[in-house]
Each structure stands twice: as structure tokens, then as C-alpha cells.
Amino acid sequence: MGEAPAFFVDELQKGYGNGFDIKSKGGETAILLGNRTYVIGGACEESPLSIGVQIFDQSTGEWIYPTVLGTKPKPCKGLSAVLLSEDRILITKNGSTPDDFAWFLEVDTQYVRQQKKILGTDVVAWSKGVRGYPEKPVVISGPSGVGKGTLISMLMKEYPSMFGFSVSHTTRAPRAMEKDGVHYHFIERSAMEKEIEDGKFLEFASVHGNLYGTSVEAVEVVADDGKRCILDIDVQGARSVRASSLEAIFIFVCPPSMEELEKRLRARGTETEEQVLKRLRNAKAEIEQGQSSGIFDHMLYNDNLEECYKSLKKLLGLDGTVTAPPKSSSKVVDLPMDHSVAKIDHRIIINSKTPELGKASTNIRIVLDVSSLKGGAPGRTRGLDIYTMDSFLDGLAGINH
Ligand SMILES: Nc1ncnc2c1ncn2[C@@H]1O[C@H](COP(=O)(O)OP(=O)(O)OP(=O)(O)O)[C@@H](O)[C@H]1O
Ligand SMILES: Nc1nc2c(ncn2[C@@H]2O[C@H](COP(=O)(O)O)[C@@H](O)[C@H]2O)c(=O)[nH]1
């Protein structure tokens, strides 16, 4: 493990207070929480393409190197940190674009506590802040052969810019037409088990004798592409996602009968006889759980494919009966290269310290509203609002008139 920045130690041992501006040459910043000072910044030694996190324990005088989960932010020239509540720290990156400037380092959320128990180490988790509320991901479950993949393909074909598929990992062998990285990430069992241990999966399950799982990255890649994520996972996986902080819509697809399900599975011709029988045995339990577990928000009956597809579109609001929520109209601004932050209730006021080269020397003040945050690691923290102080004051003036 690497050395902590030397010039920090003295300051930290003196018991520096909450210093979102304690900055070193490496661009680190520090936050004191109880006995612990979280030093955030510089490059992470194990993955140099991400920002490092170290903890100084004031009571023992020792440095702790936590397991860092979640997609990590890339290093930047400097950052500021604000303690939002006792469980998470807001990090703003200097000179960053609106889609990359706000990150949350979770230090004691439910997810972090859960992972601490599982991993038996100190854990922190990154979660990227996202403006507004992107549409919830859609989880589709149902017995093998019911037509989930067929329905998802139809949706993606009709709405290519709206939906993105969460590409799962699996230890099963690829079928003839399946491409690695497109249909699945095909992976050896031992490698997948290691990634599960490292906390890379949102959910995983043993299905029909193979391991399947959704990595946190698979879901985030789709969200970052500005699309609504679709997950095709079994009932065990749906249960895990339900228990996670990922807010999704859960749909269960039922077959018209077991006979028809068997006919479809056999007609698909992708499984051995032994596999078909195993999948049919598992189907009975899955249908029972799908109908009685309370996990699912909607049931679809895939008898006539076109009818079923129409129903799916209807419940996703694609038949014109539900209007899309209006997009945030507030102006998007880049964060100044060097800035300070202050917290006033649920608003973070970001102040540029120095005028940027070639720009007028007016003081830029940006307001980051964190009053309606939702979600979090593993995944994105949604509901951020960002606007300039000018538009905030204009709004207040409007109210007073
Ligand atoms: N309503 C339908 N009527 C008749 N055949 C259908 C219908 N829906 C899907 N099928 C066919 O059933 C077979 C199984 O469908 P599909 O592969 O989409 O199932 P799946 O639920 O994704 O299965 P798995 O969980 O094993 O991936 C395919 O050959 C598909 O063309
Ligand atoms: N829990 C999860 N289940 C998954 C995932 N990806 C797929 N699945 C489910 O597995 C079965 C079999 O799929 P097949 O491609 O081998 O036919 C099917 O019910 C899928 O829904 C996952 O990431 N997690």
C-alpha cells in the first residue's frame, strides 16, 4: 500500500477540523467525520485512472486503505468536498463539465455497511451525481422461453435511442449467434466469483446451473448513454435488485401454458434435452414466485406476441397515454477551474476563486440543490439540480412580485 501524503499527517494529527479546503500539491482534500479524516484526491495507487481515498484514524494514528467500490471518478486538477450528512460526502471536481462535476463518496450508507459485513474490510463507495430523474430502469423476468428476449429486441428495435440493454455476465457457453459483450459478457466461473467478491455486481444468481449477474457498470453504461436501462434477469436477480438502491419497474412475463412454454423452448433449439427439462422444472417455481412474491409491479401474458408487445409499450408509457416528464430547463454550466464550496441547508454554493484566463473577472456563483437526492451506490445519485446564483435570485425576485 502507498504512503499517505506526508504533509497531511501533521495537520491531521493536530486534529484539523472539517476542511473542504485542506489542499495539498496532489490536489487532495480532507473531511473529518468522528475520529476519521477522509483524504480524497490525487490518483489512486491501485487504479491510477481514478481518484484515491485514504482514511486517517485519529484515535489510533493509523492510515486505513478502504476497499473502494463503484465507478470511480477520474483524477482532476483539484477538488472540494462537503459533508452532506453523516453518511456521504459531496465531491466537486475543478474545471469539470456538468455531467462529471458532482460525485458522492458514501462512507456509512446502508449499502456501505452491507458491503463492510460481506467483505470484512473498511469500505467506501463512489456514486456519480446525475441531474434530474432519468427514467427508472426496467427489470423483465419470466421463465426461460417465455419470450423476454423477443419482447426486448422488439422494443430496442423500435426505440433505439430510448432503451439500452444491460449486458449481463454469465458462465454459460455462448450459443451459435451470440457475441461476447453484446448478448452477454462470457466469463469463467472463477473470474466471475472474484468479481463478485470485489463487489462489482448489483445482483447475481445461479440459474439453470450457471452463474449470471448484472454488474454495476452494465447498468451505469446505459444510464451514461442517456438511455433507459432494460435488465433481462431471473426472479432471484429481480429480488436482489428490489432490495438494492436501484429504483426500477419490475415486470413478470407469464406463458399461456406450460405446454406452450415447452413448445417454444424446443422450437428455439438452443438447449440440449437435459437443459430443456431442467429449464421447464425451474419454470414452475419461477412462475409461482413471479405471481406471489410481491416483487413485480406488472404481469404480462405472452400468448399473442403482438398483443403482449402492445401491453408492454402501454405500461412503459409508449402508447401516448403517459406524457414524458418535462426536462429540467435550468441552464447547464461548467464548474470553474478553482472554486470553494459552502453548504447552506440543502444548497451548496460554489464560488469561483479566481477569474479564468481570457474570461471577464466576474465572480461565478453556482447553486447545487441537493434537497431531492435519490438512489446512490451501487449506481447513480439522481435528483441534483444546478443553476447559477443569478437565475436563483431571479426566481426569488419573481416570487416576491
Ligand atoms: N408470443 C409468442 N408466440 C410464439 N412464439 C414466441 C412468442 N414469444 C416468443 N416466442 C418464441 O419463443 C422462443 C423463446 O423466446 P425468447 O428467446 O425470447 O425467450 P426468453 O424468455 O428470452 O428465454 P431465456 O430466458 O431462455 O433467454 C423464441 O424462439 C421466440 O421466437
Ligand atoms: N439473475 C440474473 N439472471 C439472468 C441474468 N442474465 C440472464 N438471466 C436469466 O437467466 C436465464 C437464462 O438465460 P439464457 O440466456 O441462458 O437463456 C433467463 O431467465 C434470464 O432472464 C443476470 O444478469 N442475472
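Quick notes on the rules
Residues numbered from 1 in each chain as written. Chains lettered and ligands numbered in written order. Predicted model: local features only at pLDDT ≥ 70, side-chain atom pairs only at ≥ 80, totals over all residues. Heavy atoms only, no water. UniProt positions renumbered as here; feature names shortened; annotations may be inferred. Pairing = 2+ DSSP bridges. Helix = DSSP H or I, 4+ residues; strand = E, 2+ residues; numbered from the N terminus. Near = heavy atom within 4 Å. Polar contact = N/O pair within 3.5 Å; in protein donor to acceptor, adjacent residues only side chain to side chain. Areas by Shrake-Rupley, 256 points an atom, 1.4 Å probe, with all protein chains shown as cover. 1 Å grid on protein atoms, 1.4 Å probe; cavity = no way out; pocket = protein on both sides within 12 Å on 5 of 7 lines; lining within 4 Å. Sits in = over half its atoms within 2 Å of the grid points. Nonpolar A, V, L, I, M, F, W, Y, C, P; charged D, E, K, R; others polar. Domains from an automatic or database assignment. Buried area = accessible area lost by both parts, 1.4 Å probe. Salt bridge = Lys/Arg side-chain N within 4 Å of Asp/Glu carboxyl O. Axes fitted to C-alpha atoms, helices over the stretch in contact; angles between N-to-C directions. Left-handed = near helix turned anticlockwise from the far one by under 90°. Contact = heavy atoms within 4.5 Å. Buried < 20%, exposed > 50% of the residue type's maximum accessible area, 1.4 Å probe, protein only.

In the annotation of an unreviewed UniProt entry, the entry for the protein chain reads Guanylate kinase 1, and the organism field reads Prunus avium. Reading the Catalytic activity (unreviewed entry) entry of the UniProt record for the protein chain gives the comment "GMP + ATP = GDP + ADP". Quoted straight from UniProt, the Sequence similarities (unreviewed entry) entry for the protein chain says "Belongs to the guanylate kinase family."

## Regarding the sheet that holds strand β15 (residues 210–215)
Ordered by their spatial adjacency, four strands build an open sheet running β13-β12-β15-β14, and the pairing between neighbours is mixed. Of all the strands in the sheet, just β13 (185–186) and β14 (201–207) have a single pairing partner and so form its edges. Of the pairings in the sheet, the one linking strand β12 (residues 169–170) to β15 comprises two bridges and is antiparallel in character. Its bridge partner lying in β15, Thr170 is registered against Tyr212.

## Some remarks on the site of ligand 1
In the vicinity of ligand 1, 14 residues are found, and the nearest of them are Ser144, Lys148, Gly149, Thr150 and Arg268. Take Gly149: an N or O atom from its main chain is 2.8 Å from an oxygen atom of ligand 1. Protein contact buries 74% of the 640 Å² of open area that ligand 1 shows by itself. Judged by its atoms lying within 2 Å of the grid points, ligand 1 is housed in the second largest pocket. Elements with a minimum of two residues in the shell around ligand 1: α3 (148–158) and α7 (258–268). Of the residues forming the shell around ligand 1, the biggest block, three residues, is contributed by α3. Residue composition of the shell around ligand 1, by class: three nonpolar, six polar and five charged.

## With respect to the UniProt feature "domain: Guanylate kinase-like" (unreviewed entry) in the protein chain
Sequence positions flagged by UniProt for "domain: Guanylate kinase-like" (unreviewed entry) are, in local numbering, residues 135–317. Taken end to end, residues 135–317 is 44% helix and 21% strand, and its two terminal C-alpha atoms sit 11 Å from one another.

## A short note on the domain arrangement of the protein chain
Structurally, the protein chain comprises domain 1 (6–132 + 329–400) and domain 2 (138–315). Of the roughly 920 Å² buried where domain 1 meets domain 2, counting both sides, 42% is carbon and sulfur surface. On inspection of domain 1 and its partner domain 2, the count reaches two salt bridges. We note a salt bridge from Glu247 to Arg382, for which the minimum N-O separation is 3.2 Å.

## Quick notes on the site of ligand 2
The local shell around ligand 2 holds 19 residues, among which Ser168, Arg172, Tyr184, Tyr212 and Asp232 are the closest. Arg172 places a side-chain nitrogen or oxygen 2.6 Å from an oxygen atom of ligand 2. At 2.8 Å from an oxygen atom of ligand 2 is found a side-chain nitrogen or oxygen belonging to Arg175. Expressed as a share of its isolated accessible area of 500 Å², the protein-covered part of ligand 2 is 95%. Most atoms of ligand 2, that is more than half of them, are within 2 Å of grid points of the second largest pocket. Elements represented by at least two residues in the shell around ligand 2 include exactly β14 and β15. The residue makeup of the shell around ligand 2, split by class, is five nonpolar, six polar and eight charged.

## Here's the deal with the packing of α7 against helix α8 (residues 273–292)
Across the interface, α7 lies against α8 with an axial gap of 11 Å and an inter-helix angle of 145 degrees. Seen from above, α7 lies across α8 with right-handed handedness. Across the interface between the two elements, Met258, Leu261, Glu262, Leu265, Arg266 and Arg268 from α7 touch Glu273, Val276, Leu277, Arg279, Leu280, Ala283, Lys284 and Ile287 from α8.

## Observations regarding the environment of Ala377
Within the fold, Ala377 resides in the loop between β22 (374–375) and β23 (381–388). Residue Ala377 is classed as buried on the basis of its relative accessible area of 2%. Along the backbone, Ala377 and Ala173 are 204 residues apart, and their C-alpha atoms lie at a distance of 31 Å. Setting aside its immediate chain neighbours within four residues, Ala377 contacts Glu106, Tyr111, Ala125, Trp126, Ser127 and Ser245.

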